[in-house]
Amino acid sequence: MADLSTLHVRELKTLPICDRCNRPVDRLIEVEDTTFDRLTFIAACHGDRERITITHEELVVMRGGSLQFGRAFVQVRALPPKT
Ligand SMILES: [Zn+2]
């Protein structure tokens, strides 16, 4: 039986800016799933990882324009920082 999911993994050279370090992240891995037509980006920086998955619907919209990265590791503070 064939594997239902076909994944293509590559390392990207265009790196998003890490919101915590204020510099490009250490690594950015793109995982393309051609079976389900979706992309997952895994950013690695400061010993942490962030994963973003872009679905088929989002890809259709984005293919009309250009793909741009925002900032990685942006934290939404639910509580004020401790003093
Ligand atoms: Zn960082």
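Anything mentioned here points back to the structure above.
Residues numbered from 1 in each chain as written. Predicted model: local features only at pLDDT ≥ 70, side-chain atom pairs only at ≥ 80, totals over all residues.

### Observations regarding the overall build of the chain
- Scanning the chain from terminus to terminus reveals 1 helix and 6 strands.
- In the chain, the succession of α and β elements from N to C terminus is β-β-β-β-β-α-β.
- The proportion of buried residues among the 83 residues of the chain is 8%.
- In the chain, 42% of the contacts between residues at least 6 apart in sequence involve partners at least 24 apart. (Helix = DSSP H or I, 4+ residues; strand = E, 2+ residues; numbered from the N terminus. Buried ≥ 20, exposed ≤ 12 C-beta atoms within 10 Å, placed from the backbone. Contact = placed C-beta atoms within 7 Å.)

### Comments concerning the pairing of strand β4 (residues 38-45)
- Across 7 bridges, the pairing between strand β3 (residues 27-33) and β4 is antiparallel. By the bridge assignment, Val31 is partnered in β4 with Thr40.
- Taken together, β3 and the strand that follows it, β4, pair antiparallel across an intervening segment of 4 residues, in which Asp37 is found at a positive phi of about 50 degrees.
- Where β4 and strand β5 (residues 48-54) come together, 7 bridges link them in antiparallel fashion. Counted as the bridge partner of Ala43 is Glu50 from β5. (Pairing = 2+ DSSP bridges.)

### A look at unusual backbone geometry
- Here the phi dihedral of Asp37 falls at roughly 50 degrees; this positive angle occurs in a residue that is not glycine.
- Turning to its location among the elements, Asp37 is positioned in the loop between β3 and β4.
- Note on Asp37: 13 C-beta atoms within 10 Å, which makes it partly exposed.

### Looking at the sheet that holds β5
- Across the sheet, 4 strands lie side by side as β1-β3-β4-β5; this open sheet has antiparallel pairing. Among the strands making up the open sheet, the edge pair consists of β1 (7-11) and β5. Geometrically, the sheet is characterised by an average inter-axis angle of 15 degrees between neighbouring strands, direction not taken into account. (Axes fitted to C-alpha atoms, helices over the stretch in contact; angles between N-to-C directions.)

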